[in-house]
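Understanding the architecture of this molecule
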Amino acid sequence: MNAQEIFASEELPLMNRGFEQDGDAIVNVLPLPVITVDAEGLITQANIAAESFFETGLNLLRRQRLSELLPFGSPVIALVEEVRQRGASVSEYRVDIGSPRLGGSRIVDVFATPLAEPRGRVVLMLQERTIAEKMDRQLTHRGAARSITALGSMLAHEIKNPLSGIRGAAQLLEATANEGDRLLTRLICDESDRIVKLVERMEVFGEERPIERGPVNIHDVLDHVKRLATSGFARHIRFVEEYDPSLPPLYGNRDQLIQVLLNLVKNAAEAIGPDAVDGEITLATAFRPGVRMQIRGSEERLSLPLEIRVRDNGPGVPQDLLPNLFDPFVTTKAQGTGLGLALVAKVIGDHGGIVECESAPRRTTFRLLMPMLLAHDGRATRT
């Protein structure tokens, strides 16, 4: 049931009695953000999904007006006023409520309905359009990663062998060459080695073997990645940890997850730059029930409740690159190959998960949604 169907269903009178009565439990289990706004524009109630969406607790939300929560001139404000005047439900589709505080563009469908009592109070339900669009893009990312699988195998076979011959010939020439020619033979060897390294990185995409998976404590993985980063490339950056200690084990391959998260943290550190005095990387985990993805070619829907976030306060990703950021050879680095994030997309896709990026100046977030380890009876296991 989507948001529109919920508003049109017979359950709507429950919401008209307010969260604090019988509808409380129902509204709180909804995966969509729901808030109530009184006649003065103050937020009076919010469900758990709304707290997650706005990244603010209920007590703080209740101290704010809707106009303070949304960007200036947001059409949602006018929508609420229209609901009060008409005394009937009103919907608005594809509304951008994004702001630097909310992390850039946030496209939502808004469903608003008046409450019977007290007069002037309105219930808002938000359905983030980007969730479905992100999943569509994720399937595209996986397709892009798979499309270079054959390319990786071909490169390994068709390029590495001839390069070995070229390098060997250059070394033979170097033995009898004069000083000036040795510079050229050395250049041939160096460039051959560079191409081999690039091909070896491409070979990773050609691996079709099933990955070995088991229970993984993602916090142990994040701590390991943090230790590696702070002892090397990110020693000048402050790390912030926002962990959910009750998170169940993730079903995955520990070594590959270390590789993925180390890649994301290194990208974050490089985005911040070596000269930043206030560089900060946030590592966060959360449990997000309600996120499911349809498996292609099957009626099965995979639950992805485990969320891992890597956030930095660097300058952000150019908006024109965001839709294709996980495609091979797309990079923002002058000397980058554009394979790091493509590899991240492949590994997370092989795990049955989703990776997505949201970027704004000083707030770039890479978010992983992953499956958890289930016991034989289908229940979540605990570490």
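Residues numbered from 1 in each chain as written. Predicted model: local features only at pLDDT ≥ 70, side-chain atom pairs only at ≥ 80, totals over all residues. Heavy atoms only, no water.

Moving on, we come to the sheet that holds strand S7 (residues 238–242). What the five strands build is an open sheet, ordered S7-S9-S12-S14-S13; its pairing is mixed. At either end of the open sheet lies a strand with only one pairing partner, and these are S7 and strand S13 (354–360). Pairwise comparison of adjacent strand axes, ignoring direction, gives a mean angle of 15° for this sheet. Where helix H14 (residues 340–350) meets the sheet, it contacts S13 and strand S14 (363–370), and its direction lies at approximately 140° from that of S13. (Pairing = 2+ DSSP bridges. Helix = DSSP H or I, 4+ residues; strand = E, 2+ residues; numbered from the N terminus. Axes fitted to C-alpha atoms, helices over the stretch in contact; angles between N-to-C directions. Contact = heavy atoms within 4.5 Å.)

A few words on helix H13 (residues 254–272). Between its first and last C-alpha, H13 extends 27 Å over 19 residues, near the 27 Å set by a 1.5 Å rise per residue. Those residues of H13 lying buried are Gln 256, Leu 257, Ile 258, Val 260, Leu 261, Asn 263, Leu 264, Val 265, Asn 267, Ala 268, Ala 269 and Ile 272. Positive backbone phi, approximately 95°, marks Gly 273, located one or two places after H13. (Expected span 1.5 Å × (residues − 1). Buried < 20%, exposed > 50% of the residue type's maximum accessible area, 1.4 Å probe, protein only.)

Another aspect to go through is the pattern of salt bridges. Where side chains of opposite charge bring their charged atoms close, a pairing between them can arise. Under the definition given, this model contains 15 salt bridges. Ionic pairing is found between Arg 309 and Glu 307, a salt bridge with its closest N-O pair at 2.4 Å. Through salt bridges with shared partners, one network takes in Glu 242, Glu 307, Arg 309, Arg 311, Glu 358 and Arg 367. (Salt bridge = Lys/Arg side-chain N within 4 Å of Asp/Glu carboxyl O.)

This next bit is on the nonpolar core. Leu 261, Leu 264, Ile 281 and Leu 368 are the most contacted members of the largest nonpolar core, which totals 41 residues. For this core, the secondary structure elements donating two or more residues are helix H12 (218–230), H13, strand S9 (280–287), strand S12 (306–312), H14, S13 and S14. With nine residues, H13 is the largest single contributor of residues to this core. For Leu 368, the contacting residues outside a window of four places in its chain are Val 260, Leu 261, Leu 264, Leu 306, Glu 307, Ile 308, Ile 348, Ile 354 and Val 355. Core analysis: the second largest hydrophobic core is formed by 25 residues, Ile 43, Leu 58, Leu 70 and Val 122 among them. (Core = buried A, V, L, I, M, F, W, Y, C linked by side-chain atoms within 4.5 Å.)

Strand order in the open sheet formed by five strands is S2-S1-S5-S4-S3, and the pairing between neighbours is antiparallel. The two strands at the open ends of the sheet, each matched to only one other strand, are strand S2 (43–46) and strand S3 (90–96). Direction aside, the axes of adjacent strands within the sheet are offset by 25° on average. The pairing of S3 with strand S4 (residues 107–114) spans five bridges and is classified as antiparallel. Across the sheet, the residue bridging to Val 95 is Val 108, located in S4. Helix-sheet contacts for helix H7 (residues 75–86) involve strand S1 (34–37), S3, S4 and strand S5 (122–128), and the interaxial angle to S3 is about 175°.

Counting buried residues along S9, six of its eight residues qualify, which places the element largely inside the surrounding structure. As defined by bridge partners, S7 adjoins S9 across five bridges and the pair is classed as parallel. Bridging from a neighbouring strand, Phe 239 pairs with Ile 281 of S9. Pairing analysis gives seven bridges linking S9 to S12, with the strands arranged antiparallel. Considered in S12, the bridge of Phe 287 is made with Leu 306.

Structural measurements only, silent on function.
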